[in-house]
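Coordinate analysis (summary)
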Amino acid sequence: MAEHQNIRTGRHCSFLLHAHLVFVTKYRHKVFADRHLTRLEEIMRSVCTDFEVELVEFNGENNHVHLLVNFPPKVALSKLVNSLKGVSSRRMRQEFPDLVKHYWRAQRLWSGSYFAGSVGGAPLSVVRQYIEQQNRPT
């Protein structure tokens, strides 16, 4: 019952929509260190704020990131994903020359695909714990 205390409301609806998103680097290259993931989280929080989406949890490893988002029904998940990947790729390549050198040919940070899963089968606490326990590089 504690999970349902976070029900959000809009003008004409109440909602509790969560999605687990996973983005993988282009060619699955291991390019992220902790400093990259820290900056990625800041960028993705900013994009989520623009979409009125709550970034509940963020973490990752050296070649992928996990996000747990709470989103309103008016947000198309595909549009959120496109914006998250596009903005983060552009900003990360601008701010980190090491990423530009690594992806000089592809001109993009992320693979074209992504995973999006609705969270509801497993309790949110289990998904959150799973994301928290990712082997973040140092």
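Residue numbering note: each chain is counted from 1, following its sequence as written. Only residues with pLDDT of at least 70 are given local features in this predicted model, and only at 80 or more are side-chain atom pairs given and counted; all residues enter the totals for whole chains, interfaces and linings. Excluding hydrogens and water, the side-chain figures rest on all heavy atoms present in the structure.

Some remarks on the sheet that holds strand 6 (residues 110-118)
To keep it simple, the criterion reads: Here, a strand pair is defined by DSSP locating no fewer than two bridges between the strands. Elements are defined by DSSP. Helices are runs of H or I of four residues or more, strands are runs of E of two residues or more, and each kind is numbered from the N terminus. Angular values range over 0 to 180 degrees, each being the angle between N-to-C directions of two axes fitted as lines to C-alpha atoms, with helices fitted over their stretch in contact. Contacts are assigned to residue pairs with any non-hydrogen atoms lying within 4.5 Å of each other.
Strand order in the open sheet made by the four strands is 4-5-3-6, with antiparallel pairing throughout. For this open sheet the edge positions go to strand 4 (54-60) and strand 6, each flanked by a neighbour on one side alone. Neighbour-to-neighbour, the strand axes of the sheet open up by a mean angle of 20°, direction not taken into account. Pairing of strand 3 (residues 18-25) with strand 6 involves six bridges; the strand directions are antiparallel. In the strand pairing of strand 6, alanine 19 is matched with serine 118. In the packing of helix 1 (residues 34-50) onto the sheet, contacts are made with strand 3, strand 4, strand 5 (64-70) and strand 6, and the angle to strand 4 comes to roughly 160°. The strands that helix 4 (residues 124-132) touches are strand 3, strand 4 and strand 5; relative to strand 4, the one it contacts most, it runs at about 40°.

Structural notes on helix 4
Note on helix geometry: an α-helix contains 3.6 residues per turn, so any two residues three or four positions apart are oriented the same way. The condition that has to hold: Burial status follows relative accessibility: with a 1.4 Å probe on protein chains alone, a residue under 20% of its type maximum counts as buried, one over 50% as exposed, and anything between as partly exposed. Taken from the helix axis, the directions to the C-beta atoms give the arc we talk about.
What helix 4 keeps buried is the set Leu124, Val127 and Ile131. The buried residues of helix 4 occupy one face: seen down the axis, they fall within an arc of 65°. The inward-facing, buried residues of helix 4 abut strand 3, strand 4 and strand 5.

Observations regarding the pattern of salt bridges
Quick reminder of the rule: Any Lys or Arg side-chain nitrogen located within 4 Å of an Asp or Glu carboxyl oxygen qualifies as a salt bridge.
The tally for this structure, following the rule as stated, stands at seven salt bridges. The salt bridge partner of aspartate 98 is arginine 35, with a shortest N-O separation of 3.2 Å. Here aspartate 98 is found in helix 3 (residues 97-102), whereas its partner arginine 35 is found in helix 1, with 63 residues between them in sequence. The class of aspartate 98 is partly exposed, set by a relative accessible area of 32%.

Re the side chain of glutamate 61
Threshold: Residues scored as charged are limited to Lys and Arg (positive) and Asp and Glu (negative), so that His and the chain ends carry no count. Any N or O atom pair separated by 3.5 Å or less is treated as a polar contact, with the protein-specific requirement of one donor-capable and one acceptor-capable atom, and with residues adjacent in sequence counted only for side-chain atom pairs.
The residue glutamate 61 is located in the loop between strand 4 and strand 5 in this model. Of the side chains bearing the opposite charge, arginine 28 lies closest to the buried glutamate 61, which forms no salt bridge; the N-O distance is 6.9 Å. A polar atom in the side chain of glutamate 61 sits 3.2 Å from the backbone nitrogen of asparagine 135. Beyond its immediate sequence surroundings of up to four residues, glutamate 61 is in contact with Phe32, Leu37, Gln134, Asn135 and Pro137.

Some words on the pairing of strand 4
Regular strands have side chains that alternate between both faces of the sheet. Of all seven residues in strand 4, six are buried, a share of seventy percent or more. Pairing analysis gives six bridges linking strand 4 to strand 5, with the strands arranged antiparallel. Bridge pairing in strand 5 links glutamate 54 to asparagine 70. Between strand 4 and strand 5, which pair antiparallel one after the other, the connecting turn spans three residues.

A few points about the packing of aromatic side chains
Heads up, the rule is: Ring pairs are drawn from Phe, Tyr and Trp, using the six-membered ring of Trp, whenever the two centres fall within 6.5 Å, and their geometry is named by plane angle: stacked under 30 degrees, edge-to-face over 60, tilted for the rest. By definition, being over a ring means that NZ of Lys or CZ of Arg is both within 6 Å of the ring centre and within 35 degrees of the ring normal.
Evaluation of the coordinates by the stated rule reveals two aromatic pairs. Following the ring pairs from residue to residue traces out a cluster consisting of Phe23, Phe32 and Trp110. We note lysine 26 situated over the ring of tyrosine 27; from NZ or CZ to the ring centre the distance is 5.3 Å.

A few points about the nonpolar core
This is how it is decided: Among buried residues, the Ala, Val, Leu, Ile, Met, Phe, Trp, Tyr and Cys ones that are joined through side-chain atoms within 4.5 Å form a nonpolar core.
With 28 residues, the main nonpolar core has Phe23, Leu40, Met44, Val65, Leu67, Val69 and Leu84 as its most contacted residues. When contributions to this core are tallied by element, the ones reaching two or more residues are strand 3, helix 1, strand 4, strand 5 and helix 2 (77-95). Per element, the largest residue contribution to this core is six residues, and it comes from helix 1. For phenylalanine 23, the contacting residues outside a window of four places in its chain are Met44, Asn63, His64, Val65, Leu67, Val81, Leu84, Lys85, Trp110 and Tyr114. Membership of the second largest hydrophobic core comes to six residues, among which are Val56, Leu68, Val119 and Leu124.

Geometry only, nothing functional implied.
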